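Take a look at the letters that make up each chain.
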Amino acid sequence: MTNRFLKLLSFVFILSAVGCGKNNDTNSANETVERRVETLLRKMTLEEKLGQMNQITSYANIEDLSNLIKKGEVGSILNEIDPVRINALQRVAIEESRLGIPILIARDVIHGFKTIFPIPLGQAASFNPDIVETGARIAAIEASSVGIRWTFAPMIDIGRDPRWGRIAEGFGEDTYLTSVMGVASIKGYQGDSLNNPTSIAACAKHFAGYGAAEGGRDYNSTNIPERLLRNVFLPPFEAAVNAGAATFMTSFNDNDGIPSTGNVFLLKDVLRKEWKFDGFVVSDWASVVEMITHGYAADEAEAALKAINAGVDMEMVSGSFVKEAPQLIKDNKLKESVIDDAVRDILRIKFKLGLFENPYAKEGSNTVCYDESHLQAAKQAAIESVILLKNTNQTLPVKSDIKSIAVVGPMANAPYEQLGTWVFDGDKAYTQTPLKAIDNLSKCHNIQLIYEQGLTHSRDNNMATIAKAANAAAKADVIFAFIGEESILSGEAHCLADLNLQGGQSALIEALYKTGKPVVTVVMAGRPLTIEKEISQSAAVLYSFHPGTMGGPAIADLLFGVAVPSAKTPMTFPKATGQVPMYYSHNNTGRPATRNEVLLNNIEVEAGQTSLGCTSFYLDAGFDPLYPFGYGLSYTTFSYSNIKLSKDKFKSDETIKVEFELENTGNYQGTEVVQLYVQDKSGSVTRPVKELKRFMRVTLQPTEKKTLSFELPISELAFWNIDMKKVVEPGDFNLWVATDSQSGEAVPFTVIQ
Ligand code: BGC
């Protein structure tokens, strides 16, 4: 299925790349859209224009909704998913409102509509944009089948603090990885053309800086200086504009005192003037009126004025535009031309979506959702999202002489909990759990299966059931322990101050470890957790994040060696919560750490002030993380050799070609995620110690060796410098081609004028 989709997608891509008539066609289609927008706009009253800028949430009473629509007071509805109701409302808009403008139906389709894929952070671990694109395409096909034509995804906020619950919804800590995955996701949702009835408009969110919430507490203030904003947080959004994202959503946070929903610099200067975005901007849920609570507006009128003037085109649910704009215009505080621009942006997307021609969803039995091919694609996505963190003595895959397996833990058979955050529509009845899948595979291999839950859910603390589970597990040859977090412990507003395992889960692993049997721990979670101790007590560890509907069969295939792990950490895994925020692409201090020991208890009483050498590390946690960014094992091993640059000096308009050899030195066919990092050694401002610039997945048979190469235009080494200009600064650089962000030998090169 994945292949069929990808073939189709690449066919479309080739067509669009080679079709010489294409540009002309696109231009004339755009001209037609613009003409239609202007014709319609000229007929609209101020109230009808403000109606288009108004998004409401669905309510139970369809009469009330219909009345608003009839009067032209609604442009979009979120959270309607019943095609019969959607069609009824759409019919009122088309047939009974004065101008017949269709409603845009929106929903948070974040990692699947019905068929749930791994959470985005898990998908990021695949380092495979095809997985993300296919997942989004399937989500769009399923969602559009009931009449949804707009999703609030992808979330492309850089997240470097796992306390922040929304880390689950994004693609992790890295700017480049997030950009690539964001683009893939937009392509998947929007398909070959927005006009295709299975396409849904994507929404790049949350613009901007939301992931840098102070203390990892949701909605909190951020303090990101412009250079950091431009170098780290904005590039995924610029990539989203270039990929044709139809809409943007503002973020809840205030940055340096300015809430994003009223931020002229972000919404006008950067998004419209620099990037030439021609879609529309929606506020986040009530974020217009929340500017009053922020202390950025005195009342609703001022909040509406600031948001509209900053460039918010549509207001999500708080209704202040409709209420306040007429008086603001009368008082000459707001120009109607600003309203016209906002309405143009919204109508443009409605025309591009083909809503005027094709407003209705198909009613009756839905054969699209949970199609077998969708389930298989979700399984493949889960397989590629599970990271093998540890595998002592090749505990995995399980050996053929194993006679009995104990399955233990609160996440082994938790159909709802393995789906993860933002699962409004996925039905847990379709979830395939690890217990069920392991049971199936065990039967094929004549293995006896012992199941004891141990704990009912991740916060359960029952010591008696832990003891019972350990007793049962002691009778097996190997123990599979499924631990982690319930779905509700990550996602919006679900932040944690402590990243240790909840409830009695740590005690459960300890009790299993004490049986003396090898413990294979599988962690299903919405974020990296601090599990150093539990890892030390496990012979092997798989980190699956929340793997979605098909997580069970995917994990079972990995445990039994039907599939081989290939995922890599999309975020740095800290040892202790106190280390966060923690990310590989940090700047250097003037006193970088030289050691990674935890020295706290080695310090002599009354030791001299400088006896430890004054470098940048924690006495009680050292310097290194538990696992660096880009880390992950396979059942096979890979070796890198002969890493060579085409030359060692480059002009700024040239392209680096780096060649290397990769060999599969183990016994399984496996896939390696090869990573290319660069360091700009010295600049007009300090630069990160490493930045990911390219990656590729390479599949090799045992003993197979391939010569491979990356190409990297020097222009991609540009950054926002001391003069706030995006430039490549000549000088010395290092480059690594490696298996993760902490490995490999630096290869030097120079950029000359
Ligand atoms: C979230 C958005 C979401 C919106 C609509 C907000 O609370 O921040 O990400 O799209 O609600 O559900």
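Model, not experiment: these values are computed from the prediction.

(A) Here's a closer look at the overall build of the protein. Counting its regular elements, the protein contains 21 helices and 26 strands. The C-alpha atoms of the protein give a radius of gyration of 27 Å, which matches the 27 Å a tight globule of 753 residues would have. Principal axes of the C-alpha set define a box for the protein whose edges measure 75 × 65 × 60 Å. When the 753 residues of the protein are sorted by exposure, 58% land in the buried category. Counting contacts in the protein only where the partners sit at least 6 residues apart, residues at least 24 apart contribute 77% of the total.

(B) Spatial organisation of the environment of Ala556. Position of Ala556 among the secondary structure elements: in helix α21 (residues 551-560). A sequence separation of 117 residues divides Ala556 from Asp439, and the C-alpha atoms of the two residues are 9.1 Å apart. Not counting residues up to four positions away in its chain, the partners in contact with Ala556 are Ala437, Ile438 and Leu441.

(C) Up close: the site of the ligand. Around the ligand, a shell composed of 13 residues is seen, among which Asp108, Arg166, Lys205, His206 and Asp284 lie nearest. A distance of 2.7 Å is found between an oxygen atom of the ligand and a side-chain nitrogen or oxygen belonging to Arg166. The contact in question runs from an oxygen atom of the ligand to an N or O atom on the side chain of Glu492, over 2.8 Å. Summarising the interface, the protein chains cover 94% of the accessible area of the ligand, which totals 310 Å² for the free molecule. Looking at the shell around the ligand, its residues break down into seven nonpolar, one polar and five charged.

(D) Structural context of the sheet that holds strand β15 (residues 519-524). The mixed open sheet is built from six strands, whose spatial order is β11-β16-β15-β14-β12-β13. Looking at the sheet topology across the chains shown, the edges are occupied by β11 (387-391) and β13 (448-452). Put simply, the sheet's adjacent strands are angled 15° from each other on average, direction ignored. The pairing of strand β12 (residues 404-408) with β13 spans five bridges and is classified as parallel. Residue Val407 lies in a different strand from β13, and its bridge partner there is Tyr451. Sitting on the sheet, helix α18 (residues 463-473) touches β12, β13 and β14 (478-484), and the angle it makes with β13 is about 170°. Sitting on the sheet, helix α19 (residues 505-513) touches β12, β14 and β15, and the angle it makes with β14 is about 170°.

(E) Quick peek at the environment of Ile86. With respect to the helices and strands, the residue Ile86 is situated in helix α5 (residues 83-96). Apart from the residues within four sequence positions on either side, Ile86 is in contact with Glu80, Ile81, Ile105, Val146 and Gly147.

(F) Geometry of the pattern of salt bridges. For the structure shown, the criterion picks out 38 salt bridges. We note a salt bridge from Asp269 to Lys273, for which the minimum N-O separation is 3.5 Å. Of this pair, Asp269 and Lys273 both sit in helix α11 (residues 264-274), four residues apart, which is roughly one turn of that helix. Glu510 is the partner of Lys533 in a salt bridge, and the nearest nitrogen-oxygen pair spans 3.3 Å. Of the two residues, Lys533 sits in helix α20 (residues 532-536) while Glu510 sits in helix α19, which places them 23 residues apart along the sequence. Owing to a relative accessible area of 25%, Glu510 belongs among the partly exposed residues under this scheme. Through salt bridges with shared partners, a single network forms among Glu34, Arg272, Asp313, Asp345 and Arg348.

(G) Representation of the domain arrangement of the protein. According to the domain assignment, the protein contains domain 1 (50-107), domain 2 (381-560) and domain 3 (638-752). In this structure, domain 1 and domain 2 have C-alpha centres spaced 44 Å apart.

(H) Structural context of the pairing of strand β19 (residues 655-664). Relative to β19, strand β17 (residues 638-645) runs antiparallel, the two sharing six bridges. Bridge pairing links Lys644 to Glu659 in β19. Direction of pairing for β19 relative to strand β22 (residues 705-713): antiparallel, over a ladder of nine bridges. Each residue of the ladder has a partner; that of Val658, found in β22, is Phe710.

(I) Inspection of the nonpolar core at higher detail. Of all hydrophobic cores here, the largest spans 119 residues; its most connected members are Met53, Ile77, Trp150, Phe207, Phe248, Trp275 and Ile339. Apart from the residues within four sequence positions on either side, Ile77 is in contact with Gln55, Ile56, Thr57, Ser58, Leu65, Ile69, Leu89, Ile103, Leu104, Ile105 and Ala106. Core analysis: the next-biggest nonpolar cluster, separate from the first, contains 44 residues, Met155, Ala168, Ile509 and Leu512 among them.

(J) Structural view of α21. Taken across its 10 residues, α21 has 10 buried, putting it largely inside the fold. Those residues of α21 that are buried lie in contact with α16 (372-385), β12, α17 (434-444), β14, β15 and β16 (540-543). Taken from the residues just after α21, Gly561 is the one with a positive phi, measuring 80°.

(K) Representation of unusual backbone geometry within the structure. Cis geometry is found at the peptide bond from Ala153 to Pro154, where omega equals 10°. By secondary structure assignment, the location of Pro154 is in the loop between β4 (150-151) and α8 (175-190). Of the consecutive residues Val580 and Pro581, the connecting peptide bond is found in the cis state with omega at -5°. Mapped onto the elements, Pro581 comes out in the loop between α21 and β17. Of note, Asn332 is a non-glycine position whose phi angle comes to about 60°, a positive value. Along the chain, Asn332 falls in the loop between α14 (320-330) and α15 (336-352). Relative accessible area serves as the criterion here: at 71%, Asn332 is assigned to the exposed category. Positive phi, close to 50°, is recorded for Asn393, a residue that is not glycine. Mapped onto the secondary structure, Asn393 falls in the loop between β11 and β12.

The rules we used
- Each chain has its residues counted from 1, following the order in which its sequence is written.
- The predicted origin of the model limits local features to residues at a pLDDT of at least 70 and limits the giving and counting of side-chain atom pairs to 80 or more, whereas totals for whole chains, interfaces and linings rest on all residues.
- As a rule here, side-chain values cover all heavy atoms of the structure and leave hydrogens and water aside.
- Going along the chain from the N terminus, every DSSP run of H or I of four or more residues is numbered as a helix, and every run of E of two or more is numbered as a strand.
- For this measure, only C-alpha atoms enter the radius of gyration; the expected value for a globule follows 2.2 Å times N^0.38, where N is the number of residues.
- Only protein chains enter the calculation, and the probe is 1.4 Å; a residue is then buried if its accessible area is under 20% of its type maximum, exposed if over 50%, and partly exposed in between.
- Whether two residues are in contact is decided by their heavy atoms, any of which lying within 4.5 Å being enough.
- It suffices for a single heavy atom of a residue to lie within 4 Å of a molecule or strand for the residue to be listed as near it.
- Nitrogen and oxygen atoms within 3.5 Å of one another constitute a polar contact, given that in protein one can donate a hydrogen and the other can accept it, and given that sequence-neighbouring residues count only through two side-chain atoms.
- Reported accessibility uses the Shrake-Rupley method at a 1.4 Å probe radius. Residues are deemed covered only where the shown protein chains occlude them.
- Asp, Glu, Lys and Arg are counted as charged, while Ala, Val, Leu, Ile, Met, Phe, Trp, Tyr, Cys and Pro are counted as nonpolar; the rest, among them Gly, fall into the polar class.
- Strands qualify as paired when DSSP identifies two bridges or more between them.
- Working convention: axes come from line fits to C-alpha atoms, limited for helices to the stretch in contact. Angles between N-to-C directions cover 0 to 180 degrees.
- Salt bridges are counted wherever a side-chain nitrogen of Lys or Arg sits within 4 Å of a carboxyl oxygen of Asp or Glu.
- Where each domain begins and ends is defined by an automated method or by a domain database.
- Residues enter a nonpolar core if they are buried and are Ala, Val, Leu, Ile, Met, Phe, Trp, Tyr or Cys, with the set joined through side-chain atoms within 4.5 Å.

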